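Listed here are the chains, written in short residue letters.
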Amino acid sequence: MNLSREEEKLLESDNPTIAKCMEILVALGEIFGAEKLIPIKSAHISGISYKNIGEEGLEWLKNLKAKVRVRTTLNPAGMDLERWKEMGLDDHFVKKQIEVIKALESIGAELTLTCTPYYIHKPSLGDHLAWAESSAVVYANSVIGARTNRESGISALASAIIGKTPYYGLHVKENRAPTILVKVKGDLNPSIVGYKIGSEIDGIPIFDFERRLSYDELKQLGASLASTGNIAMFHVVDQTPEWREFEVPNEKMEIDRVEIEDNCEPDLIALGCPHLSEDEITEIARIIERYGKPKKPVWLFTSRHVYNKLRHAIEKLENRGIKVFRDTCMVVSPATERFECVMVNSGKALTYLPKLRRVKAIFGSTHECLRRAFDES
Ligand code: F3S
């Protein structure tokens, strides 16, 4: 890899954190054949939950001796920073989670604690980023047209501290071309389309839907694709910003139905994977107007940013018996582990709840989830 004199100096820096971060980026670049490092506009770090990072990761964070050089946002933690008691978490976990957050704050990261950092600071078309969190990566590449590889928590942190990332993969325009056309017949739920297609293909799909998807549906589609597959980008005909820049591929497939097993009775309804947008919360508030009190617990997850903008609407939801948590989610928080079966409207949560929290999960649309919570018929 060609390094500038300044980059060489960082590699040999007396500061062990800087030298280590450079080593990580150079090693990554060499593995993937990058010719150089390029500057980034922002970094987004995942693996914030103490449940994921553990004691070893926390010790590593505490020993960092450098500040971030670019705007750096953080993925959800394992708890709502204010309402962790209502989540039923133990004191040890809470203490450790706070230590993780303090360590990241001390290096200059913003305590966004969300997987939708693009609602807070939206990147621009063509911006180079170093983002971890697969759902945010796929949204940034596909819906915004910014450029990021699917970083790990560690490589995103290294990029945050150095302010650069190796130039390979989705930073290079030709690697952003679609590889397979997916025709979606009928009005299928985009989240479940992503869940199915992610497990069946590699590469970059270009979807042809029969109707225009909302931004929230594009978010859901991408998150699901990235959860069952190693997909970091998709295009949608007539919708996403770069689809016209490439030839439509010859390889094609069609999807007209997806069957998902419904094998348990939910004792929790959890919505907000990825974190809910303002529109999604407003829609949930509208849907539940026709219902009374929920018969099952309903937990919503969103960012502190969106929560603060919708305080009034959220208060109304809370008065109706719905809990709205910030800073965390049903997958990264151990709070979900005390339930047997969680109903979700997200292909990503459907994938990860059984794997990471060891609870069963079933899928439904937002309407179906809410109907199940309020009215068992
Ligand atoms: Fe976000 Fe948690 Fe889902 S981090 S994408 S809500 S698994």
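Residues numbered from 1 in each chain as written. Predicted model: local features only at pLDDT ≥ 70, side-chain atom pairs only at ≥ 80, totals over all residues. Heavy atoms only, no water.

1. Observations regarding the domain arrangement of the protein chain
The domains assigned to the protein chain are domain 1 (5–173), domain 2 (177–255) and domain 3 (268–373). Domain 2 puts 11 residues into the contact, and the matching count from domain 3 is 16 residues. When domain 2 packs against domain 3, the two sides together hide about 990 Å² of surface, and 54% of this comes from carbon and sulfur. Scanning the region where domain 2 abuts domain 3 turns up one salt bridge. The partner of Lys 219 in a salt bridge is Glu 280, with the nearest N and O atoms 2.6 Å apart. Applying the counting rule to domain 2 against domain 3 returns seven residue pairs in polar contact (both at pLDDT 80 or more). For the side of domain 2 that touches domain 3, the secondary-structure elements that each account for two or more residues are α7 (190–200) and α8 (215–228). For the side of domain 2 that touches domain 3, the element with the most residues is α8, which contributes seven residues. Here the residues of the side of domain 2 that touches domain 3 are counted per class, giving three nonpolar, six polar and two charged. (Domains from an automatic or database assignment. Contact = heavy atoms within 4.5 Å. Buried area = accessible area lost by both parts, 1.4 Å probe. Salt bridge = Lys/Arg side-chain N within 4 Å of Asp/Glu carboxyl O. Polar contact = N/O pair within 3.5 Å; in protein donor to acceptor, adjacent residues only side chain to side chain. Helix = DSSP H or I, 4+ residues; strand = E, 2+ residues; numbered from the N terminus. Nonpolar A, V, L, I, M, F, W, Y, C, P; charged D, E, K, R; others polar.)

2. A word on the sheet that holds strand β4 (residues 129–131)
Across a sheet, strands are paired by hydrogen bonds formed along the backbone, either parallel or antiparallel in direction. Read from one edge of the open sheet, three strands run β3-β2-β4, paired in parallel fashion. What marks the edges here is a single partner per strand, and that holds for β3 (71–74) and β4. Here the strands of the sheet are splayed against their neighbours by 10° on average, with no regard to which way each runs. (Pairing = 2+ DSSP bridges. Axes fitted to C-alpha atoms, helices over the stretch in contact; angles between N-to-C directions.)

3. Some thoughts on unusual backbone geometry
Residue Pro 274 is bonded to the preceding Cys 273 through a cis peptide linkage, with omega at -5°. With respect to the helices and strands, the residue Pro 274 is situated in strand β10 (residues 268–276). Despite not being glycine, Arg 358 shows a phi value in the positive range, around 55°. Here Arg 358 shows up in the loop between α12 (347–357) and β14 (360–363). Looking at Arg 358, the relative accessible area reads 69%, which means it is exposed. (Buried < 20%, exposed > 50% of the residue type's maximum accessible area, 1.4 Å probe, protein only.)

4. Looking at the sheet that holds strand β7 (residues 205–208)
Sheet architecture is open: four strands sit in the order β8-β7-β6-β9, paired in parallel fashion. Two strands bound the open sheet, and with one partner strand each, they are β8 (235–236) and β9 (252–255). Examined bridge by bridge, strand β6 (residues 180–184) and β7 share four bridges and lie parallel to one another. Across the sheet, residue Val 182 finds its bridge partner in β7, namely Phe 207. The strands touched by α7 within the sheet are β6, β7 and β9, with β9 carrying the most contacts at an inclination of about 145°.

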